[in-house]
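Residue-level listing of the chains:
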Amino acid sequence: MLKFVPGAPALLADEGRNPALIVSDLHLGFEKSLVERGLILPTQTFRLLERLKLLVVQNDVRRVIFLGDVKHGTSKILLHEWSDVSAFFTKLLEIVDRVEIVPGNHDGGIEPLLPRGVRLHSVKGYAMSLRERTIFLMHGHTWPAVEGFAAKELVMGHHHFVFEARDSSGLRMREPVWVIARWNPAKVATSYLTAGKKKTKGDPIQAFHSIYSVMVGSPQIIVLPTFNPMLAGTPINSPSHQEHIGPLFRSKAIDLPNAELHLLDGTYLGRLSSLASR
């Protein structure tokens, strides 16, 4: 069973005796990128660590899974990351047994920063067995591995979605949101086959199965909010931000109009089609 952690951008994967906490998009060291803009802030790495440790203790978990963008640097390791990223995971491993990472687009070169005991998965994600269901975990900047297309639930980060509201005087509010949606199986199969330059005739779902021996399903898709409260978000209900990143959203296969939005405290906002441009 997957459950929102009330008031926090985190999921609890309840496997009975061994629940796991799932978070995404910490962007450790993000504050360093602000220096060139003249804004000097103290490191936020250990504030994020304390926030995470509190959730670990409150929810009695011994396993933490990060869905990418653990660090903020992209193609190379930045100087402060050698100390901050290593220290973050070393201290986290003092209170949990298992730490796993699905790398994101900001996690280039992360492996030498990680202490022993941290497991690094494929950038295309991996399947997690949760009782009698298969949950597929990924970051969201790539297509999922082919087994992800058959999962019952697909969980990703990457997008930093927020809900934006304005009043009549122009005041603007932005709040991080959970996004829950589904894809159109035929559209997602077609888009994936086209991206892979596979020639298809007839039913794209059958063509996908013929090539990959996987039947495309209709998973519940859950998009996590960023765990770092300092990061700006992408207003999912703003027409000016409809060109979303990541191949799944760019494919237009995800049924965004019928996507359901929830605030971190669990408040149900409604379907996106009824919330656009508020």
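For the structure itself, consult the block above.
Every value quoted in this text rests on a predicted model; they were computed, and no experiment measured them.

A. Up close: the pairing of strand S12 (residues 220–223). Here strand S9 (residues 153–156) pairs with S12 via 4 bridges, running parallel. Within the sheet, the bridge partner assigned to Leu 154 lies in S12 and is Ile 221.

B. Just the environment of Pro 9, in detail. Take Pro 9: it is sitting in the loop between strand S1 (2–4) and strand S2 (11–13). Judged by its relative accessible area of 1%, Pro 9 is buried. It is 9.4 Å that separates the C-alpha atoms of Pro 9 and Leu 263, two residues lying 254 residues apart in sequence. Every residue in contact with Pro 9, bar those within four places of it in the chain, is listed here: Ile 22, Val 23, Arg 51, Trp 178, Leu 224, Pro 225, Thr 226, Phe 227 and Leu 264.

C. Quick look at the packing of aromatic side chains. Applying the stated criterion to the full structure yields 13 aromatic pairs. Taking the centre distance of 5.3 Å and the plane angle of 75 degrees together, the rings of Phe 66 and Phe 89 count as edge-to-face. In this pair, Phe 66 is assigned in strand S4 (residues 63–66) and Phe 89 in helix H2 (residues 79–92), connecting sequence segments 23 residues apart. With a centroid separation of 5.5 Å and 35 degrees between ring planes, the pair formed by Phe 149 and Trp 183 is classed as tilted. Within this pair, whereas Phe 149 is found in the loop between strand S8 (133–137) and S9, its partner Trp 183 is found in the loop between strand S11 (172–181) and helix H3 (185–195), the two being separated by 34 residues in sequence. Taking the relative accessible area as the measure of exposure, Trp 183 reaches 3% and is therefore buried.

D. Focus on the pattern of salt bridges. What the rule picks out here adds up to 8 salt bridges. Across the pair Asp 97 and Arg 62 runs a salt bridge whose closest N-O atoms are separated by 2.9 Å. With Asp 97 in the loop between H2 and strand S5 (98–101) and Arg 62 in the loop between helix H1 (45–58) and S4, this residue pair connects regions lying 35 residues apart in the sequence. Residue Arg 174 is joined to Glu 164 by a salt bridge in which the shortest nitrogen-to-oxygen separation is 2.8 Å. Separated by 10 residues along the polypeptide, Arg 174 in strand S11 and Glu 164 in strand S10 (residues 161–166) bring together distant segments of the chain. When its relative accessible area of 33% is taken as the criterion, Arg 174 is described as partly exposed.

E. Representation of the sheet that holds strand S6 (residues 118–120). The strand order S1-S2-S3-S4-S5-S6 describes an open sheet built from 6 strands, whose pairing is mixed. Strands at the two margins of the open sheet, each flanked by one partner only, are S1 and S6. The average angle at which neighbouring strand axes cross in this sheet is 25 degrees, direction not considered. Examined bridge by bridge, S2 and strand S3 (residues 20–23) share 3 bridges and lie antiparallel to one another. Across the sheet, Leu 11 pairs through a bridge with Ile 22, a residue of S3.

F. Fine view of the nonpolar core. With 36 residues, the main nonpolar core has Phe 149, Trp 183 and Leu 248 as its most contacted residues. Sorting the residues of this core by element identifies S9, S10, S11, H3, helix H4 (204–212), S12, helix H5 (247–250) and strand S14 (260–263) as the ones contributing at least two each. With 4 residues, H3 is the largest single contributor of residues to this core. If sequence neighbours within four positions are ignored, Phe 149 has contacts with Trp 143, Pro 144, Trp 183, Val 188, Tyr 192, Phe 208, Val 214, Met 215, Val 216 and Gly 217. Residues Leu 28, Val 56, Phe 66 and Val 96 belong to the second largest nonpolar core, which totals 29 residues.

Cut-offs applied
Residues numbered from 1 in each chain as written. Predicted model: local features only at pLDDT ≥ 70, side-chain atom pairs only at ≥ 80, totals over all residues. Heavy atoms only, no water. Pairing = 2+ DSSP bridges. Helix = DSSP H or I, 4+ residues; strand = E, 2+ residues; numbered from the N terminus. Buried < 20%, exposed > 50% of the residue type's maximum accessible area, 1.4 Å probe, protein only. Contact = heavy atoms within 4.5 Å. Phe/Tyr/Trp six-rings, centres within 6.5 Å; stacked < 30°, edge-to-face > 60°. Salt bridge = Lys/Arg side-chain N within 4 Å of Asp/Glu carboxyl O. Axes fitted to C-alpha atoms, helices over the stretch in contact; angles between N-to-C directions. Core = buried A, V, L, I, M, F, W, Y, C linked by side-chain atoms within 4.5 Å.

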